[in-house]
Structures are given as structure tokens and as C-alpha cells.
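# Structural characterization, general
The primary structure of each chain is shown beneath.
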Amino acid sequence: MAHNEKEVISKIDGIAEKIYEDLVNNEIPTLKLSTRTRSNIQFDERLNVWKYGKSKTERSAKTTDGAYMLLRTMYMVDFIKEMIRVKKSSTLREMYYISEGWNLGKFNSQDESDMLAEDLEVITGCMREDFKLRPEENGASVIGDLVIEEVTRNNQKKRIHCQDDVGDAGYAIPYNVEPDKISFKSVDADFILAIETGGMFDRLVENKFDTTHRAILVHLKGQPARSTRRFIKRLHEEYKLPVAVFTDCDPWSYRIYASIAYGAIKTAHISEYLATPASQFLGVTPSDIENYKLPTDKLTSEDIAALKNELEDPRFQDSFWKNEIKLQLNMGKKSEQQALAKYGLDYVTDTYLPEKLVELGLLKK
Amino acid sequence: MTEPIAYELAKKQKEISVAEFFERNKHILGFGNSTRALLTSVKEAVDNALDACEEADILPDIYVEVSNHEDEECRIIVEDNGPGIVKQQIPHIFGRLLYGSRFHSIRQTRGQQGIGISAVVLYGQLTTGKHARIVSKIKPDMPAVVVELAIDTNKNRGEVIQTETVHWDKPSGTRVEINIKADYKRGKRFVYDYLQSTSIVNPHARIVYRDAEGAEHVFERTSDMLPRKSVEIKPHPYGVELGTLMKLAKETKARKLSSFLKTEFSSMGDRTTDAVCSEALLDKNLDPHTLTREQIVALHKAFKKVKIMAPPTDCLSPIGEMLIKRSLKQETQEISPEFIVTATRPPAVFSGNPFQVEVGLVYGGNLPKDKPVKILRFANRIPLLYQQGDCISTHAIEDIDWRRYGFEQPNGKGIPIGPAIILVHVASTMIPYTSESKEAIADVPEIENEIKLALRECARKVESHINKKVRRVKTREKFELITKVLPEIAKKSASMLGKPIPSLDRVITKIMDVVWIEDLVEYEKVKRDKKPVQSTLLTTATQDATQDDGGWITKSTIYVVNYKSKPQRFNLYAVIPKDAVVGSVTPKPVKITSNYLKWELPSIPPATKVDIMFELAGLNKGDFDENDLYVEDINPAYVIGADKWEGD
């Protein structure tokens, strides 16, 4: 999916050319891009992920907001072109601060500049890595019987065993997980278990779940970064490892699963690159709350709105999700991964996870 | 047999002296307390001075001086340049209550009851024991007379204590000096407010006020024209009371009922006279002197049943929109208001009394946005300073929902909150005051209705003004932005591609997509060919613009820019003040009326500007400070800076 620099520059120049041509032809300059909303994502049968649909949004200099947007776009593409030329990269935050010097083209908040960087991906089909832009946060951590070879900043290849060579915090996934940066040398495991919270990840590490159940444990750190999702996808594709996602039992956690399995709305233009459609949702499900009699909290009004929103979300239209979400709305309850500690610290590793993994067919009885 | 008790009572029955009457009723005459007394005294003297000058066709120059002495004693001096008063009349006018020339006439004047100035003299005498001093000069080559005057309270007569003659520089005039007991500290604010307000509704008067601290305040004259002289009219049948009707019938020189009705009343022609007589079942040839009480009652009732034309309205003397605007502008200079709008209603009638309503509204500037609007009330050019809550003008304001015109007003009732001053002037031959102290106008539905109509007209002008401004500001912001941002976009894209920067005119035009109209008003001083002469408002606008005596030429330039992608062709109207005289106009208008100029503009290509220029004479600097523009034969939504022409 990565592009060579020449290709990136020609795509970026394409944006400038479109604007320039509009002006020369006495037309009001405009840029078109896919509408980035829930209503405009649809399932791509070929890629098996959710992508943006046909609906387009036009940025036009006819409105003052649109004119500002186009000016910022011109500043940003110029900046990217320059970075490529001098072989530098910057974080999204650094670019936001650099934009302070863009006069009328400066941003009001970093959200705006992050959003525009994504827009440029959508318009050009390039990735922000191609633009020499990187995120603030790096990926999360990994523990399991896995050997990774990483090209360090000193340009040396270093092999890391993700159990023997790392501390209890695990191997930290870098923001770039492409083959030029890391490659998998050997894996001895049966499945990948992606875990939402740090507390649960640490519990499984302490209970040695990775060795007892031959699992690669990946900490998602909440909504997973692009590199974490890309890491899971590569590991899944290169070693045919099944993926199970283990989260809290609330609407926000279901979206974490959706971004891993189906593709996120914000990054639907690169879903095929980030999503692992074969991922399975392990729990905690609303049914688990009843089956395991877990301690609960009441759903807040935001939770209820989010659940109702998911009933409308095209990605949650299968019978499993419809039933579970409706069940949860009826119960009016939610729960956390760590609520399983009600039955003791080992309950999750000795009882809950084995039972659920058998249910998913990832473990034999 | 004892004497009937009535004889006993008769011994106590005697004429009440005016002094006693005054003592008991001083509150209703405006002398209720020593704060009010100060204002009332100044007011009565100034009202008299203004009336005297106007009756003699003289532009009033009024000097007012108040000095403060021990024991709450104030000395009030009011001097005018009026016609003066014949020596023999001085004791009657200043020393007799209920004596006057205007009480019996039906026309618009300030004072009416004949209580005013003599009440001040009496109050001064009762509270300080001092006599009034009157100076009067009636001819340039005669000396002035000085009269020291007291009031004989038993006889209700002026008593001349001493007279002398002195030299006085003025060609003619009157000067009144009266000592009264008054609270200067608390009353001085009202004196200033009253004189300022008086100056607003009397733009033809120059008032100089020297206060007790020695500071001199000058309220300049803003108009050299005397108000139209109000004409005396006969009573209208709708407004006449039964007693008055009886008295008129007894005193008339007419020998027949029909001629009595036609000569003693206004609006009575042959047909109405016949109609009234047959309605009253009276022979029109009856001798009016022989009418019985029953017959007069029948006649009085018949008046109400017959449709009688409204009384003539030339007995009224409104101030006029232009002069109200000019005065308000002069007096609100420190506020630097955004704009001033005015409305004058046509004359109307209540109970046979003609009246007319004028309203002015000052908006914006330094006026507080979070306070109730300030209300200036006037009746026959007299400021009403007290009892605001009881006055019809206040009630009319409170009754309008100002929220739709951009003001704040809880529940749409009460005095609105916003940066505005509202002026209401009611002119009438008979102002229906709530009391003798003449501080509030009573609630008469006909008058209230007219005030509301005028207020709404002003409010609409405010609303349209604000809307126009908002739209213009928005478009201007967009324009400024586009002319800054678009070149940046062009520069950036051109430099990235190593190409020349393209021209943007057409694109800017496409983005703006409006016809932009802007105006500029300038003033040019012109040499006067002759000294200004006193003239009346009745002068029609027939003078040649170049030899106008106003001294200022108003030059208005209108810029029309077509920011649409197609050529535009439309008609433009510029509204001009009625009293203005049109000078040179380019391009040539297709129509000039007393109200507007009309151009049929040639087709304007995209991104092209057209200038339109016209000159107005006969106006003061600042009278016309903003163009009121309208368009026709174009979608008004395309146009910024002008509204849709709705016809004349």
C-alpha cells in the first residue's frame, strides 16, 4: 500500500493542479472527496471490509469556510512536498504547530489539521506515512512466543523474542510496522488475543496465559492505533493465526472490535489495509453478564444513545450484534472485563477465557 | 322663632381669594414641592417667551438665568427678544390669575389656561415676600419700562409697586425676574433637561442658560425657519360641550339656526347643517337666541349622529421630520448615534379636536444596550418631564411588541430595553392632560393609536436599517476574505507548480455573486449670496439650487459594482428629503420627484463599477447623511445595499 516518493509527489501536485486549473478557467476552485460519515460506508465484497461509498463532499472557495479549507490544503501539500524533498518527517502535532506560521492558513485546533491530513489520504489514496506524518502515540504492547526482527534507528537489525527479551510490559509496537521496519521471524502460538484494558493485559501476563494457552497477547490501549491494527493484520495474514478480541461490555468497546474486524469510519479509505475481517468478538458480551452473573453498572444516557446508534450502524447489522445490543438495552446494564475478579484472580484465565475460546472454536475441550 | 340656620351660614360664605385657592391647589399647578417649583417657574416663563416670539414672527433668542441664595431662595431671570408687552397690560398678564389671550382661541399654543406665569409671581410672593420685576420694550426707538409688581391676593389683581424707564440695547423683548423658594440642588437637573428638550422640539430657538454655578449652556438654533403659524379655528361640533353650545347660541350674531351653525362652528356646510337640523327635528330658520334648553340638548345630540367632516388641520404646527432629525442629531452629538429615524402621522381628530403625532428614534452609538430606552415626551412643543408612567406616549410604547424589531422586552410588554431614545410629540388644539400641572397626556384611544402607528413606522425603519447593515457587514467580510484568501491559494498553487499566478477577477465575481451598492455623502460649503432671511416653512422649494441660502451643498455618490457573472440591468431609486432642492445629477435620471430620483441604469458588465452622483441644496450639513436606495427589475436578493422598490 505504501507508495514511492515520485508517485506521492505527483499525487500531491495533482491537488495543486486541480485548484490552479480551476482558477485559470475562471471557475470557483473546488476539491471533491468521499463523505466521511457513517451514512457513507458500505461493505466491499471483494475486500471483505467496510469502505466509503459513492457519496462525495465538495470543498469550495464559494464559502468562507471552504476557502480557508482550500488555503490550508495548499499549505499542507506544500509542506508535505518539502518534507519529502529534505527527507524529514514530523508528528501530526508538530505539523499543527508549524501551521502557526501559515498566516490565514493556520488551524484553530489540532483536530482540524489531523482531519485534513486524513482528507489528503482520502483524496490521493496515499497513506499519511507516505506524507512523512506520524501519529503522536505509538502502538501498544505484545507478549507471546513470537520473534520480531526490527530495524533500529541505527539501521541495525535486532531480533526480539516477545517473552524472553522483554519485561512484563511487553514489546512496544512502533508506529511503523511495515516490512521495511519489522518482520516476523518465528511464531509458536495458536491464536492472538487482543485485550482492551491494561489491567486485564497485566492479569493475563501475571497468570502466564500466553504460555499456558499458547496465545499472543496484544494490549489495544483502548481504541487501537493504526499500527496496532496493522500489526494484528500482518500477524494474522502471515501466520494464519485466528484473532479474538476481549473487551469491556459497553458500546464503546464494540466499536473497538469493529475497527479491528470491519474497519473504522474515520479510516474507511484504508480499511483493507488495517482491518482483520476474521477477528472474532470473545466478550464480555451482554449475555455473559447474565450467564456469569457479573457485577454491573447502569447504562448512562450516552451509553444508550451509542447503543441505539450502533443498531443503525451498517457494520452491526448481523444477528449476533442485533441480539446482544437489544439484550443490553433491555437490561440497562454494562460491565467491565475486570468484573470477572468477583470469582477470584484466576477465574478469568482458568474458567472464563477457556470456556469462551471453546465457544469460538479456538480451543478444544 | 330663631333665625333660619341658612343666615348663620351665609355669614361665613365669602369669595375665596386666589391666594387661598393657590395655596390649596399648588400641587396640581406644579408647585407641589420646592424641587418641582423651580422647574415649573422656569418652564412657565420660557413657554411664554417662546409663544410671544412666535406670535411676532421673531426667531426666539431666550436667556435663562438661575441663581441660588440663602434659605432655599432662587432668583429666576428669563429674557426674550419677543415683541414686548404694553405697559398697561403688564399687571394683568403677570399679576392676575386666569387672564390671557389664548384661553378662548382654538389653536395649538403652549400655554392655554392663563394660570402659568402669574402663578409663578404669586408663588414667589407667597414664599419670599418679594416682588417680581418685569422689563419690557416694544419698539427699537423707545426706552424699556421696568415694573415692580405684586399681586393683591384678595382682588386677584396685579399691583404696580414702582415703575421706571431704562435704556435697553434690545430692539424689543421682555425680561422677567422672580424670586421663589426652591430647592436648587435637586431641581437643577430638571431645569437643564427641560431646556435641552425644549431646544430639541424648538429647533428655531436659541437658548442660553446660565446656571447658579456660573456655567453657560448654549442650545444652538438648528433651523432658521419659524414654525408654521397655527391658525385659529372655530370649535368642531363633535367636541363642543352642552354649556358652551348654550353660551354660543346666546351670544351669536346670527339670526337663524342654520347661519349660527355655519358661522360659529368649523366643518359645517349647507348639507351637514340641514342634516343636523332635521336630525334634531328643529327648523333651520329658528332664531338661535330663542332656543330652549331641550332644543339645544336635541341639537347637541344631533351633532353626534351626523357624519361631519373633520376640522381643518392648519391650526396645527408640527415640527417636521427633517427638523426633528436635525435637533436630535445636534443634541445627541456626544452619543454619536448610528442613525436617527423619524415619522410624522397625518393630522387626525379626537372628539372634534385636531391633533398630529410625530415620533423620532435615536439608535446606537454610546447608548447603553442593557437599559430601558429613554423616552422624551412632548405636547405642543413643551417637554413633559414628570409622570412618565401616566402618559399616553409611555403607554403606547409599552404596548408595542418591540422584540420583533430587535429590542429586548420581557413578555413583549413594557418599556423596551436597547440602545435607543424615543421622542414622541403630540400637537393639538386641545391637549388632554391628565391634570392641570400638564405633565402627562391622558389615554385617548385615537391619540394612542396614532402614536403606535408612528412608533411602528420608526421601528420598521430601525429593523430594516439593522438588517441591511448585518447583510452588508457579512458580505463585506466575505469580500475581504475572498480578496485575501483567494490570491494566497493562487500564489501557493502557482509556486508549487512553477507557473504564473492566474488573474482572479472573474473568480472573485463568481464567488461574490451579488450586485454591491455603496454610497458616500459629502458636504461642501458654498458662498452665500445674501444674508439669511426669516422665512416660514410654507416657502416652497422653488429656489434655484445655486442661490440657496442654506450654505451647504450635499454631495451624494453611489457606487454600483456588478459582482455577478452576467451583465445586470436595473432601475435605481434614491430617496431624497422633501425640503431638499436637487442640483446636478449624473448620469441623467429618468425621473425627479419631490421624494426621489430614478435612474434606468445601462447594462453593467460583470466585474464593472458604475458611479452615480447627485447634489442636494437647501439642507444643513448632516441632514442627509445616508442614502436610502431601492432597486427595480432585478431580484433584490442579488443586491447588497438597496431594497426592493415597492412603488411611490
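Now for a quick tour of the structure. (Residues numbered from 1 in each chain as written. Chains lettered and ligands numbered in written order. Predicted model: local features only at pLDDT ≥ 70, side-chain atom pairs only at ≥ 80, totals over all residues. Heavy atoms only, no water.)

## Details of the overall build of chain A
Regarding its fold elements, chain A presents 13 helices and 17 strands. Across the 365 residues of chain A, 55% fall into the buried class. If you sum the accessible surface of chain A, you get close to 16500 Å²; carbon and sulfur atoms cover 47% of it. (Helix = DSSP H or I, 4+ residues; strand = E, 2+ residues; numbered from the N terminus. Buried < 20%, exposed > 50% of the residue type's maximum accessible area, 1.4 Å probe, protein only. Areas by Shrake-Rupley, 256 points an atom, 1.4 Å probe, with all protein chains shown as cover.)

## A short note on unusual backbone geometry
Between Gly 283 of chain A and Val 284 of chain A the backbone carries a cis peptide bond, its omega angle lying at 5 degrees. Assignment of secondary structure puts Val 284 of chain A in the loop between strand S15 (280-283) and helix H10 (286-291). Geometrically, the link from Thr 586 of chain B to Pro 587 of chain B is a cis peptide bond, its omega value of -10 degrees lying close to zero. Mapping Pro 587 of chain B onto the fold places it in the loop between strand S20 (581-586) and strand S21 (591-592). We note that Lys 221 of chain A has phi near 55 degrees; this positive angle belongs to a residue other than glycine. Here Lys 221 of chain A lies in the loop between strand S13 (215-219) and helix H7 (226-239).

## Remarks on the interface of chain A and chain B
Each partner contributes residues to the interface: chain A has 26 residues there, and chain B has 24 residues. For the chain A and chain B pair, buried surface summed over both sides reaches about 2300 Å², with 72% attributable to carbon and sulfur atoms. A per-residue breakdown of the area chain A buries against chain B is headed by Tyr 20, Leu 23 and Asn 26 of chain A, which together make up 28% of the total. Inspection of the region where chain A meets chain B yields two salt bridges. On the surface where chain A and chain B come into contact, there are six residue pairs in polar contact (both at pLDDT 80 or more). Considering every element that reaches the side of chain A that touches chain B, the biggest residue donor is helix H2 (residues 64-86) of chain A, with ten residues. Residues that form the side of chain A that touches chain B fall into these classes: 17 nonpolar, two polar and seven charged. (Contact = heavy atoms within 4.5 Å. Buried area = accessible area lost by both parts, 1.4 Å probe. Salt bridge = Lys/Arg side-chain N within 4 Å of Asp/Glu carboxyl O. Polar contact = N/O pair within 3.5 Å; in protein donor to acceptor, adjacent residues only side chain to side chain. Nonpolar A, V, L, I, M, F, W, Y, C, P; charged D, E, K, R; others polar.)

## What to know about the side chain of Thr 228 of chain A
Residues and elements named next belong to chain A. The residue Thr 228 is located in helix H7 in this model. For Thr 228, a relative accessible area of 0% corresponds to the buried category. Engagement of the side chain of Thr 228 in a polar contact is seen with the backbone nitrogen of Ala 140, the distance being 3.3 Å.

These values are about where atoms sit, not about what they do.
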